[in-house]
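# Breakdown of the fold
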Number of protein chains: 4
Amino acid sequence: MYSFNNDYSEGGHPLILKELFSTNEDQSAGYGLDEHTEKAVKLIKQKIDCETADVHILVGGTQTNLIAISSFLRPYEAVIGVETAHIAVHETGAIEATGHKVITVPSVDGKMTTELIASVLERHKDEHMVKPKMVYISNTTEVGTHYTKREIKKLYEFCQENNLYLYIDGARMASALATEENTMFLCDYPECCDAFYIGGTKNGALFGEALVIVNDSLKEGIRYSIKQKGGLLAKGRLLGIQFEALFKDDLYMKIGEWSNKMARRMKVGISTLGYPFLYDSYSNQLFPIFPNEVVEQLSKEFLFSIETKVGDDHSCIRLVTSWATKEEEVDHFLFYLSEQTNKEV
Amino acid sequence: MYSFNNDYSEGGHPLILKELFSTNEDQSAGYGLDEHTEKAVKLIKQKIDCETADVHILVGGTQTNLIAISSFLRPYEAVIGVETAHIAVHETGAIEATGHKVITVPSVDGKMTTELIASVLERHKDEHMVKPKMVYISNTTEVGTHYTKREIKKLYEFCQENNLYLYIDGARMASALATEENTMFLCDYPECCDAFYIGGTKNGALFGEALVIVNDSLKEGIRYSIKQKGGLLAKGRLLGIQFEALFKDDLYMKIGEWSNKMARRMKVGISTLGYPFLYDSYSNQLFPIFPNEVVEQLSKEFLFSIETKVGDDHSCIRLVTSWATKEEEVDHFLFYLSEQTNKEV
Amino acid sequence: MYSFNNDYSEGGHPLILKELFSTNEDQSAGYGLDEHTEKAVKLIKQKIDCETADVHILVGGTQTNLIAISSFLRPYEAVIGVETAHIAVHETGAIEATGHKVITVPSVDGKMTTELIASVLERHKDEHMVKPKMVYISNTTEVGTHYTKREIKKLYEFCQENNLYLYIDGARMASALATEENTMFLCDYPECCDAFYIGGTKNGALFGEALVIVNDSLKEGIRYSIKQKGGLLAKGRLLGIQFEALFKDDLYMKIGEWSNKMARRMKVGISTLGYPFLYDSYSNQLFPIFPNEVVEQLSKEFLFSIETKVGDDHSCIRLVTSWATKEEEVDHFLFYLSEQTNKEV
Amino acid sequence: MYSFNNDYSEGGHPLILKELFSTNEDQSAGYGLDEHTEKAVKLIKQKIDCETADVHILVGGTQTNLIAISSFLRPYEAVIGVETAHIAVHETGAIEATGHKVITVPSVDGKMTTELIASVLERHKDEHMVKPKMVYISNTTEVGTHYTKREIKKLYEFCQENNLYLYIDGARMASALATEENTMFLCDYPECCDAFYIGGTKNGALFGEALVIVNDSLKEGIRYSIKQKGGLLAKGRLLGIQFEALFKDDLYMKIGEWSNKMARRMKVGISTLGYPFLYDSYSNQLFPIFPNEVVEQLSKEFLFSIETKVGDDHSCIRLVTSWATKEEEVDHFLFYLSEQTNKEV
């Protein structure tokens, strides 16, 4: 059964594996102090056009979020996110486990706004309440939407005016970068937030997320925090080699583009068959709504997750594409869907 | 410059890489729910001869220790270790960061004894002090020594009599298993402790440590803790594939044997030249003592760490071997050392 | 300016002070191991009709909540409360600081329902999310409402069916007990929850909250947790003496009755003048809605807090009574209010 | 049976109780924002001769230590103390529960030295180990000894040179101030450390410890931390009133002097009878060594704790005096001891 369940169902992109293979017997320093990591960091700094940033490559997304947030905040400070934020829902309370409250605000499209942030600030006035100090956003969001540069810039300006940090979770940043009318490029990130991470796991790496700290005041001691939270990989070279491969010939962008291309093909096909979508996504996650019988039929041939029920008779499912998604499987999905659609009618 | 600095200077054993390569394009479930992990767990249970154990494969050692210990203990409970214990010294307070005190006791050979544990129990009597609840040992220890089955059994019986858990850090378990007169086999572990982990990173894996929980009362909720602490790898298959490779044809033992063989060759050579050792090690870590001038000369040709000064004129260095250690490099080291030795004289 | 700002504006009830004075020079054991605490615990067990309960008297409410909750829950377990819950809003993230998420649900009257709990359980299905394990309610609630026995019993049955603990914050329990048609008596609490606390600070004590643990499985090690979180008072007798005084001649009930009587007098007066209330309270907290000009006038003569704006022209204020509230000040408030009301018209 | 068990066996000094009584019915703001607290803080600032210090009055010592230390340190930073340090032994891992390691060093007299600190710094070099950032000392120490100004100044200079904070636990500061040849006055503290606390519980208050923060960089957000850890007393006036009473007519010093006078009387008597002391104390804690039979006889008439065995036949006991210690009970103790002594011979 072919899986559109997520973007980490396969291993790593072949070019990445090739590099891991070819360097395997070399000796190198441990814990990210090797030459590959050094080169990867250099390449990333070039791409984001920010020599002064600190870059630390970690294994996974939850790990990166909990290390960054717990390192940046003082004990009583809290982070604001939308209700669907990954840190609020799908990290088993990882942020709270480091002592910090995640304040959530409702959002229809998975995106944060200055109005939502302002509503939190109004409610938090003295020391009987936590002190909101950071805004967390994801790009693309957990529901497949993405931010324009204008939107992120507005958020960041509001944050700066209100003494808040802006932190961007880039687990699916490649897909955001590869949306057709993208206005928020890699080199824009350092100007628009205090810290962010460039996700590898969901964009062709075996694993790996590159945490970029732009704000000088947040840089100190981060390697201590990484080690303390169990995030310092002994064979750190593995992270360096992968990000070197991702960034030396624009592989990172190419993977994002392929993922989005496959998603777009799927979206056009589904739309043509007359089905609506719960979220207006241009990235590698799609949220179409089907009658329950269609969902049932699809689930006999494909793997995917059910996002939510829509009324009594319909459901929204999540379809995800990746570097490894095969065009013929997308077409197979669409053909099979059209068959079910005709049956329905 | 050839490195004897540690056992994670190279990538992974070629047989492991081969498996990663051959399975790369398969689709599988995420987060350790894939078939490879299932097979690896099955193989491990066979090797340890314990069907009822729970096995969870994690990325790194500090991560494994902090997840296990924080999951097993109640907030006011503490863990006892020797002063050189990895959790006490080299994990940046990872255990304390989860809220638990590490009580340390002095030990000349890196090994715990029932007398040392008893001394802690005597001092901790009421609720003004933490409650000692777990004993942490490493096999091999941080200074290269190893335990006999008799020793571990005695510790475990003492723990059971005193309502303490025994947890064994097996970062270098393969080297312990491969010591010439080893009496503590893989199948003995489940009978001699409440939980332990089988280290992969320092024995040929790219990364990976298999946490084995034997005590039923400690099993509940561990996957929640793994996720919460950032230890649930999205492409969990990578861990399954590696441990499958390590355990399907005794590769795990073979790597341990090779590491120890190289260390023994080194030890015999160094001894023959008349140098003493700080710790009596039969494993893949050696702690020879050299005059400072010899250390200086060695450091021009080889990478290693200095463990400690010994008087004003001598130093103890740490030499580590692995699956990747080359016999000719060991011989080169010994030849070079003999040259320096003659110069000295 | 007379204050209706809260129920802890004065010191302690004179009968309590008298006892503190008369016992002052006696010697006693520290840390709650004294005879007064023993007697207080005995009296409380009689009043709640539960010999098997464990009772620990602590200094404050936030302290009691954080100690109880962090002692009862495993690291990845979470507590569910309504959006106005004290632990969710007014304890500066104290629960999160011990590592646990507080999951909130919306409630119009400050009260929890089984439907609200069920909605949380439905959304939390696997180890990528925290595990809901405890329901937190306050009686009276933070908005002055109170539960019937039937309501709490229904909650508890639902909790038991779903493997959840029910914990009741009784900071203002005396006021709940003293509502006119109260059906939930002190002796009902042990049958209707796993743990609760009987608030002293807001009912005439200088300070002090008696934590009662009914569920046997939650009793172990609580004194360790109390000490660890800084809650073990050296001169613990002070807590014992106060609760002895509160419970030996029904002083606890009498204070609750007086507070409610004063609030009722106030409520009737305000209602008579034609003002509505935001919450339907029969306890010592009232939430009347006034035109903003009236609020401004009132604030020249009385201290109180503004709860929330109601439209552009009105505000809801909070008025609180206590053992120390003077009848003539209530009447003065009502008279003054009637004057402002007439002006308005 | 008369108790020399500790300095918190009785209630509060009569002058303090009188003030609590006379102000009891006044209304005041909660949470330490009242006039009494304001006055107490002003008085303390005058006595320590430091207008720029921040003063926060808390309920207990463990609470004060855990709030201060967790507020001052970043997650991976650790605090250094001697092996007998209160935070290391008698606070149930309170500091670790906030995430920080307590590094201990051996000390024969309960006092820290620059050599001991230096030995820690030498061993902590990189991010695999915690980062030592604070030195914790107590004055008087846990074993009754006290520091000279010269000693503390030397420690502080060393701390400043090494980028460490110096924090002084003053649970028994009054007794230190009242030692006969004291050179470290209240007004010296702000110049000799970054933060300290002035203990009330063990010097005549019902409870209360005044945390003084001198270093500007440590002041921010402390009230948030106090609230979050459960340390913000609702009726905070109780703390203000007590410290006002302690500092307005030098009551604080007078109590310390009386305690020490009683201890000195006891010490002279015990010495005259020929008994040695384990620690050379001039404060209100004495550690005489008696034959076990004498200890047994004494325990029939007096309460005290046994500190440690000394060889097989002797034990060191701890005797503590306070504001409430009666001269005739001291004399009774000495007379009874002399009787036992004669029997022995």
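Just so you know, the residues in each chain are numbered from 1, in the order the chain's sequence is written. Labels follow written order: the first chain is A, the first ligand is 1, and so on. Only residues with pLDDT of at least 70 get local features here, since the model is predicted, and only at 80 or more are side-chain atom pairs given and counted; chain-wide, interface and lining totals rely on the full set of residues. Neither water nor hydrogens contribute to the side-chain values; these are computed over all heavy atoms in the structure.

### Here's the deal with the relation of the copies chain B and chain A
- Superposing chain B onto chain A requires a rotation of 180° together with a translation of 0.0 Å along the rotation axis, leaving an RMSD of 0.0 Å. When the rotation and shift are considered jointly, the pair of chain copies conforms to a two-fold rotation axis. For chain B, the minimum C-alpha distance to the rotation axis belongs to lysine 229 of chain B and amounts to 3.7 Å.
- Contacts are assigned to residue pairs that have any heavy atoms within 4.5 Å of one another. An overlap of 100% is found between the interface residues of chain B and their copies at the interface of chain A, pointing to a shared contact surface. Residues below a pLDDT of 70 in either copy are left out; the C-alpha atoms of the rest, at least 70 in both, set the least-squares superposition of the copies.

### Looking at helix H11 (residues 237-248) of chain C
Residues and elements named next belong to chain C.
- Secondary structure follows DSSP: runs of H or I at least 4 residues long count as helices, runs of E at least 2 residues long count as strands, and numbering of each begins at the N terminus. The span you would expect from a helix comes to 1.5 Å times its residue count less one. Counted at 1.5 Å a residue, the expected span for H11 with its 12 residues is 16 Å, and the 16 Å between its end C-alpha atoms agrees.
- The buried count for H11 comes to 11 of 12 residues, which makes it a mostly enclosed element.
- For H11, every residue scored as buried is listed here: Arg237, Leu238, Leu239, Gly240, Ile241, Gln242, Phe243, Glu244, Ala245, Leu246 and Phe247.
- Elements that come into contact with the buried residues of H11 comprise helix H1 (14-22), helix H2 (35-48), strand E2 (54-58), strand E7 (195-199), strand E8 (209-213) and helix H12 (251-272).
- Aspartate 250 sits one or two positions beyond H11 and adopts a positive phi of about 60°. We call a residue buried when its accessible area falls under 20% of the maximum for its residue type, exposed when it is over 50%, and partly exposed in between, using a 1.4 Å probe and counting protein chains only.

### Describing the sheet that holds strand E2 (residues 54-58) of chain B
Residues and elements named next belong to chain B.
- Here, any two strands with at least 2 DSSP bridges between them count as paired. Pairing within the open sheet is mixed, and its seven strands lie in the order E2-E8-E7-E6-E5-E3-E4. Looking at strand neighbours, the two that pair on one side only are E2 and strand E4 (102-105), the edges of this open sheet. With direction set aside, neighbouring strand axes in the sheet form an average angle of 25°.
- Where strand E3 (residues 77-82) meets strand E5 (residues 131-138), four bridges bridge the pair, whose relative direction is parallel. Bridge pairing in E5 places valine 79 opposite methionine 134. To get an axis, a line is fitted to the C-alpha atoms, and for a helix only the part in contact is used. The angle between two axes follows their N-to-C directions and goes from 0 to 180 degrees.

### A word on the interface of chain A and chain D
- Taken residue by residue, the interface counts 21 residues in chain A and 21 residues in chain D.
- With both sides pooled, the region where chain A packs onto chain D buries about 2000 Å², and carbon together with sulfur makes up 50% of that total.
- Defined in terms of a 1.4 Å probe, buried area is the accessible area two parts forfeit on being brought together, summed over both. Considering only the surface of chain A that becomes buried against chain D, Tyr76, Glu127 and Tyr224 of chain A emerge as the three largest contributors, covering 36% of it.
- Whenever Lys or Arg places a side-chain nitrogen within 4 Å of a carboxyl oxygen from Asp or Glu, that contact is recorded as a salt bridge. Joining chain A to chain D, the criterion identifies two salt bridges.
- A salt bridge links glutamate 127 of chain A to arginine 223 of chain D; the shortest N-O distance between them is 2.6 Å.
- Identification of polar contacts relies on pairs of N or O atoms within 3.5 Å, with a donor-acceptor requirement for protein atoms, meaning one able to donate a hydrogen and the other able to accept it, and with residues adjacent in sequence counted only if both atoms are side-chain atoms. At the boundary of chain A and chain D, one finds eight residue pairs in polar contact (both at pLDDT 80 or more).
- Those elements giving two or more residues to the side of chain A that touches chain D turn out to be helix H3 (61-72) and helix H10 (222-228) of chain A.
- Each residue gets one label: Ala, Val, Leu, Ile, Met, Phe, Trp, Tyr, Cys and Pro are nonpolar, Asp, Glu, Lys and Arg are charged, and the others, such as Gly, are polar. When the residues that make up the side of chain A that touches chain D are grouped by side-chain class, the tally is seven nonpolar, seven polar and seven charged.

### Focus on the pairing of strand E13 (residues 314-320) of chain A
Residue and element names in this part refer to chain A.
- Of all seven residues that make up E13, six are buried, and the element is covered over most of its length.
- Two elements, strand E9 (residues 285-286) and E13, share two bridges in a ladder whose sense is antiparallel. The residue bridging glutamine 285 from the neighbouring strand is valine 320, located in E13.
- As judged from the three bridges shared by strand E10 (residues 289-291) and E13, these two strands associate in the antiparallel manner. Among the inter-strand pairings, phenylalanine 290 is bridged to a residue of E13, identified as serine 315.

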